[in-house]
Amino acid sequence: LSFQTEPELGLEMITALVERAVLPFRWVTCDARYGEIPAFLDGIAALGKWYFAEVAVDTRVWRRTPPVEPPGRSLLGRPRTHPRVKRTAPRPYEMRELVTLVPATQWHRYIIKEGSQGPLAAEFACMRVTPIRDELPGQRCWAIFRRTLGPRSEVKFFLSNAPLTCSLQEFVRVSGLRWPIETGLEEGKGEVGMDQYETRTWLGWHHHMTHSILAHLFLVRLQLVFQKKSRVDHRAGSSTHCARHRRRPREIARYLGCSALSSAPELCRLLFAPQADTCTTWPASVTAAQTQNLIIVLYFS
């Protein structure tokens, strides 16, 4: 095996998904660690997919595509063998500079998700820009800015190759799609031991990952069947007199019924027993058909 960076591995896996054509998808979202690699973003675009990538504050872009001089003779020195941006072209802006040029009328407030303490809102704005590719202009794309509310606002920067017809509301929706994945990984490690493995083979590792994911999915579906409310018990070692007492995968269950998740999940406890803390009676609303559906979803969804 040859060494590959995480963006190279990610692009390889996404390419395999496209080639197998077994998982239809349109968007690929990523953090700044992937967004700072132009080869990764261009590879996603070459697959015909739309990326929504967080980028660093010092990422440089042009507001308008600058003119390019082809290779040829120069006034001084040897002839140019590579194209270059004309010296009279305006300089590129860093993203933190570009956000200061956004008019106040272009900022719009949207609700990203429903958090545990109420709706989480932010202000969004976008504009068309031209990214830099090897000191030359690349394909036109979107620059999206997300600004938190409050006296100390924080701005996040994103680039996307979505077409001109893509709306700002769609960018708002996609900006929250990473949270359920991150929350699922955190809950998988904290709830069902996803990271607690000592395997020596890839086959053993895949077995452990599969069992962990199925166990997590089972808990999420079980909570939806029981329709449990937010009943948190922060006391260490609290007793429920029931073997079904488990910590609750709260955020993923909320996401299955809502398009948003908390970015800072908190481990808490869910009592699967009725309010009287007894295990002898199941809720009357849980029928045999629902139990069968639960098992089918667990293995086939």
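Residues numbered from 1 in each chain as written. Predicted model: local features only at pLDDT ≥ 70, side-chain atom pairs only at ≥ 80, totals over all residues. Heavy atoms only, no water.

*Asks:* I'd like a rundown of the pairing of strand β2 (residues 50-55), residues and numbers included.
*Replies:* Across a regular strand the side chains alternate sides, sitting on one face of the sheet and then on the other. The element β2 is extensively covered by neighbouring structure, given that five of its six residues are classed as buried. In this structure, β2 lies alongside strand β11 (residues 155-160), joined through four bridges in antiparallel fashion. Note that in β11 the partner of Glu54 across the bridge is Phe158. (Buried < 20%, exposed > 50% of the residue type's maximum accessible area, 1.4 Å probe, protein only. Helix = DSSP H or I, 4+ residues; strand = E, 2+ residues; numbered from the N terminus. Pairing = 2+ DSSP bridges.)

*Asks:* Talk me through the packing of aromatic side chains; I want residue IDs and the actual numbers.
*Replies:* Applying the stated criterion across every chain, the model contains ten aromatic pairs. Their ring planes at 75 degrees and their centres at 6.3 Å tell us that Trp27 and Phe171 sit as a pair that is edge-to-face. Here Phe171 lies in helix α5 (residues 168-175) and Trp27 lies in strand β1 (residues 27-30), a separation of 144 residues in the sequence. You can call Phe171 buried: its relative accessible area is 0%. Between the aromatic rings of Trp142 and Phe171, the centroid separation amounts to 5.8 Å while the plane-to-plane angle is 65 degrees, which identifies the pairing as edge-to-face. In this pair, Trp142 sits in strand β10 (residues 141-148) while Phe171 sits in helix α5, placing the two residues 29 residues apart along the sequence. (Phe/Tyr/Trp six-rings, centres within 6.5 Å; stacked < 30°, edge-to-face > 60°.)

*Asks:* Can you explain helix α3 (residues 38-46)? Please cite residues and give values.
*Replies:* Inspection of α3 places Phe40, Leu41, Gly43 and Ile44 among the buried residues, and these make up the whole buried set. Burial along α3 is one-sided: seen end-on, the buried residues are contained in an arc of 160 degrees. Away from the buried face of α3 by more than 90 degrees, exposed residues Ala39 and Ala46 are located. Of the surrounding elements, those touching the buried residues of α3 are α1 (6-20), β1, α2 (32-35), β2 and β8 (118-133). Immediately beyond the C-terminal end of α3, within one or two residues, lies Gly48, with a positive phi of roughly 85 degrees. (Arc of directions from axis to C-beta. Contact = heavy atoms within 4.5 Å.)

*Asks:* Provide a residue-level description of the pattern of salt bridges, including the pertinent values.
*Replies:* Overall, the coordinates contain 13 salt bridges when judged by the stated rule. Two residues, Arg91 and Glu97, come together in a salt bridge whose shortest N-O distance is 3.4 Å. Residue Arg178 pairs with Glu182 through a salt bridge whose shortest N-O separation is 3.5 Å. With a gap of four residues between them, Arg178 and Glu182 both fall in helix α6 (residues 178-191), about one helical turn apart. Overall, Arg178 belongs to the partly exposed group, its relative accessible area being 21%. (Salt bridge = Lys/Arg side-chain N within 4 Å of Asp/Glu carboxyl O.)

*Asks:* Which residues make up the pairing of β10, and what values go with them?
*Replies:* Of all eight residues that make up β10, six are buried, and the element is covered over most of its length. Note that β8 and β10 share eight bridges and pair antiparallel. Opposite Val129, over in β10, you have Cys141 as the bridge partner. Looking at chain direction, β10 and β11 are connected through six bridges and run antiparallel. Along β11, the bridge assignment pairs Phe145 with Phe157.

*Asks:* Can you explain the confidence of the model for the chain? Please cite residues and give values.
*Replies:* Summing up the model confidence of the chain, the mean pLDDT is 79 and the portion of residues at 70 or higher is 75%. Of the regions scoring below 50 in pLDDT, residues 230-248 engages in 47 contacts with residues more than four places distant in sequence or in other chains. Across residues 255-301, confidence stays below pLDDT 50; counting only partners more than four residues off in sequence or on other chains, it has 91 contacts. (pLDDT = per-residue confidence, 0-100.)

*Asks:* Can you explain the side chain of Arg133? Please cite residues and give values.
*Replies:* If you trace the backbone, Arg133 turns up in strand β8. For Arg133, the side chain forms a polar contact with the side chain of Asp42, separated by 3.0 Å. Each residue touching Arg133, except ones within four places of it in the same chain, is listed here: Pro38, Leu41, Asp42, Tyr51 and Gly138. (Polar contact = N/O pair within 3.5 Å; in protein donor to acceptor, adjacent residues only side chain to side chain.)

*Asks:* Account for α6, naming residues and giving values.
*Replies:* Over its 14 residues, α6 runs 20 Å from end to end, which matches the ideal 20 Å to within 8%, given 1.5 Å per residue. For α6, the complete set of buried residues consists of Trp179, Pro180, Thr183, Gly184, Glu187, Gly188 and Glu191. Within α6, the buried residues cover an arc of 160 degrees as seen down the axis, which keeps them to one side. Directly after α6, the chain includes Gly193, whose backbone phi takes a positive value near 70 degrees. (Expected span 1.5 Å × (residues − 1).)

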